[in-house]
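Descriptive structure summary
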Amino acid sequence: MRDINVGALIRLKGARPHLTAQQYRTLRGQVLAGDPDGAMRGLRKLLLLQGSNAVKK
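What counts and how
Residues numbered from 1 in each chain as written. Predicted model: local features only at pLDDT ≥ 70, side-chain atom pairs only at ≥ 80, totals over all residues. Heavy atoms only, no water. pLDDT = per-residue confidence, 0-100. Helix = DSSP H or I, 4+ residues; strand = E, 2+ residues; numbered from the N terminus. Expected span 1.5 Å × (residues − 1). Buried < 20%, exposed > 50% of the residue type's maximum accessible area, 1.4 Å probe, protein only. Contact = heavy atoms within 4.5 Å. Core = buried A, V, L, I, M, F, W, Y, C linked by side-chain atoms within 4.5 Å. Axes fitted to C-alpha atoms, helices over the stretch in contact; angles between N-to-C directions. Parallel < 35°, antiparallel > 145°, perpendicular 65-115°, else oblique. Nonpolar A, V, L, I, M, F, W, Y, C, P; charged D, E, K, R; others polar.

Right, let's get into the confidence of the model for the chain. Across the chain, the average pLDDT comes to 89, with 88% of residues at 70 or higher. No element of the chain has a lower mean pLDDT than helix H3 (residues 36-50), at 92, and none a higher one than helix H2 (residues 21-32), at 96.

So, in structure tokens, the structure goes:
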């Protein structure tokens, strides 16, 4: 059984209003598959491209 990074899931859930359903599902799948670092890099990139204030620069 793989360890799930709960912190990454919480951060992803907080950013959900800024993401499309497909983006959310993809990032959530990455976290659950064991790649939370990649998912957080992707989340940061998506939020910065959208001009959201959800991420500090």
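Turning next to H3. In a regular helix each residue adds 1.5 Å, so 15 residues correspond to 21 Å; H3 covers 21 Å between its end C-alpha atoms and thus fits that length. Pro 36, Gly 38, Ala 39, Met 40, Leu 43 and Leu 47 are the residues of H3 that are buried. Summarising the contacts, the buried residues of H3 are in contact with helix H1 (6-14) and H2. Once H3 finishes, Gly 51 follows within two positions and takes phi at roughly 75 degrees, a positive value.

Right, let's talk about the nonpolar core for a bit. If you look at the biggest cluster of nonpolar residues, it comprises 11 residues: Ala 8, Leu 12, Ala 15, Leu 19, Tyr 24, Leu 27, Val 31, Ala 39, Met 40, Leu 43 and Leu 47. At the level of elements, H1, H2 and H3 are the ones that each hand at least two residues to this core. With 4 residues, the single largest contributor to this core is H3. When near neighbours in sequence (up to four residues on either side) are disregarded, Met 40 contacts Ala 8, Arg 11 and Val 31.

Next up on the list: the packing of H1 against H2. Interhelical geometry of H1 versus H2 gives an angle of 175 degrees and a closest axis separation of 10 Å. Our classification of the angle between H1 and H2 gives roughly antiparallel. Contact residues: Ala 8, Leu 9, Leu 12 and Lys 13 in H1; Tyr 24, Leu 27, Arg 28, Val 31 and Leu 32 in H2. Among the residues forming the contact of H1 with H2, the class breakdown is 7 nonpolar, no polar and 2 charged.

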